[in-house]
Amino acid sequence: MTSEPLILAFDTSVAHCAAALLWGERLLVQRDEPMAKGQAERLFPLLQEVLFEAGKTWADLSAIGVGTGPGNFTGIRISVSAARGLALSLGIPAVGVSSFEALALNAPRPVLSLVDARRDQVFAQELSANGAQAPFMATKDTLPDMPTIGPFDTVDPVAIARITATRFADPDLPRPAPLYVRAPDAAPPRDPAPVILP
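Quick caveat: nothing in here was measured; it's all calculated off a predicted structure. Counting restarts for each chain, with residues numbered from 1 along the sequence as it is written. Side-chain atom pairs in this predicted model are given and counted only at pLDDT of 80 or more, local residue features only at pLDDT of at least 70, and totals for whole chains, interfaces and linings cover all residues. By convention in this description, side-chain values take in all heavy atoms of the structure and omit both hydrogens and water.

Undergrad: Quick question: what am I supposed to make of the overall build of the chain here?
TA: On a plain count of helices and strands, the chain comes out with 4 helices and 10 strands. A run of H or I in DSSP counts as a helix once it spans at least four residues, and a run of E counts as a strand once it spans at least two, with each numbered from the N terminus. Reading the helices (α) and strands (β) of the chain from amino to carboxyl end gives β-β-β-α-β-α-β-α-β-β-β-β-β-α. A compact globule built from 198 residues would reach a C-alpha radius of gyration of about 16 Å, and the chain, at 18 Å, matches this within 12%. The principal-axis extents of the C-alpha atoms in the chain amount to approximately 55 × 50 × 35 Å. A 1.4 Å probe rolled over the protein chains alone gives each residue an accessible area, and that area as a share of the maximum for its type sets the label: buried under 20%, exposed over 50%, partly exposed in between. Within the span of the chain, comprising 198 residues, buried residues form 43% of the whole. Any pair of residues with heavy atoms lying within 4.5 Å of one another is described as a contacting pair. The contacts in the chain between residues at least 6 apart in sequence include a share of 64% that link residues at least 24 apart. With 16 positive and 21 negative side-chain charges, the chain shows a separation of 4 Å between the mean positions of the two kinds. Radius of gyration here uses only the C-alpha atoms, and the compact-globule reference equals 2.2 Å multiplied by the residue count raised to the power 0.38. Only four residue types enter the tally: Lys and Arg on the positive side, Asp and Glu on the negative side, with His and both chain ends excluded. All charge positions are set by atom: Lys at NZ, Arg at CZ, Asp at CG, Glu at CD.

What follows is the structure, given as structure tokens:
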């Protein structure tokens, strides 16, 4: 283990597969590959490449940081489940970081952080020095009158890593969980699920 924390952070909540490796304050590697699909197949090879490029191994990691959305439902599930699995197998903490927090990392508070939700809408969350309000959806012309940042359609894995570095030592840290603001487009089937016999 290094004296400075080594943080591997990644995000697949939007149309990319992105990762960053942070050693203390120093950014060792950052990669961001645009892709609309295929993140599930690309994520672990990308993470391995990032570690290899920096001359580090999985055993060197202090914590995992992961983007929790909002964004693409499948993409969020891919990265959050990967982070939780890695944390369990490596015996290190995993920290979930919302897109709102990552985008507003260096913005003065209070600020309304905006993420592109498509369909002429945005996901929005008010962030203050004391915490965050519940996220919501809006159109750009119905937003509250306050300073804003965004909307953005990408998430910086370096920001996720930097936020993770400030949180991973918290013993009461919750496990990463997807942040969904919009209801899913797909509806569950109306027929009851089949009975599974013991």
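Having seen it, we continue.
Undergrad: Is there a simple way to think about the pattern of salt bridges in this case?
TA: In the sections that follow, a salt bridge refers to a side-chain nitrogen of Lys or Arg positioned within 4 Å of a carboxyl oxygen of Asp or Glu. In this structure the tally under the stated criterion is 7 salt bridges. A salt bridge links E33 to R42; the shortest N-O distance between them is 2.8 Å. Across this residue pair, the class does not change: E33 and R42 are buried. For E49, the salt bridge identified is with R42, shortest N-O distance 2.8 Å.

Undergrad: What exactly am I supposed to notice about the nonpolar core here?
TA: Nonpolar side chains tend to gather and get buried jointly when the protein is soluble and globular. In this structure, L8, F10, L47, L61 and I64 are the most contacted members of the largest nonpolar core, which totals 24 residues. When contributions to this core are tallied by element, the ones reaching two or more residues are strand 1 (6-11), strand 2 (16-23), helix 1 (39-54), strand 4 (63-67) and helix 2 (73-90). If you look at the next biggest cluster of nonpolar residues, it comprises 12 residues, including I7, V95, A159 and A161. What is meant by a nonpolar core is a set of buried Ala, Val, Leu, Ile, Met, Phe, Trp, Tyr and Cys residues, joined one to another through side-chain atoms within 4.5 Å.

Undergrad: Can you walk me through the side chain of D11 in this structure?
TA: One can find D11 in strand 1. As a buried residue without a salt bridge, D11 has its nearest oppositely charged side chain in R118, at a separation of 11 Å. The term polar contact refers here to a pair of N or O atoms within 3.5 Å; inside protein, the definition further demands a hydrogen-donor-capable atom paired with an acceptor-capable atom, and it admits residues adjacent in sequence only when both atoms are side-chain atoms. Polar side-chain contacts of D11 include one of 3.0 Å to the side chain of S13. Sequence-distant contacts of D11, defined by excluding residues within four places in its chain, comprise H16, C17, A18, G67, V155 and I160.

Undergrad: Help me understand the packing of aromatic side chains, please; the structure alone is not making it clear to me.
TA: Any aromatic ring pair is given by two values, namely how distant the centres are and how the planes are angled relative to each other. Any pair of Phe, Tyr and Trp rings, taking the six-membered ring for Trp, is counted once the centres come within 6.5 Å. Such a pair is stacked with planes under 30 degrees apart, edge-to-face with planes over 60 apart, and tilted for the rest. This model, assessed by the stated rule, comprises 1 aromatic pair. As a reminder, the over-ring test applies to NZ of lysine and CZ of arginine, requiring each to be within 6 Å of the ring centre and within 35 degrees of the ring normal. Here the guanidinium or amino end of K56 rests over the ring plane of W23, the centre of that ring lying 3.7 Å away.

Undergrad: Please explain unusual backbone geometry as it appears in this structure.
TA: In most cases, non-glycine residues show a negative phi, while peptide bonds are predominantly trans. Look at the link from G69 to P70: it is a cis peptide, with omega at 10 degrees. Positionally, P70 belongs in the loop between strand 4 and helix 2. Following R109, the chain continues to P110 via a peptide bond in cis, the omega torsion being 0 degrees. With respect to the helices, strands and loops of the structure, P110 is situated in the loop between helix 3 (99-103) and strand 6 (111-118). You will see that R118, though not glycine, has its phi angle at about 60 degrees, which is positive. Structurally, R118 can be placed in strand 6.

Interpretation in functional terms is not warranted from these geometric data alone.
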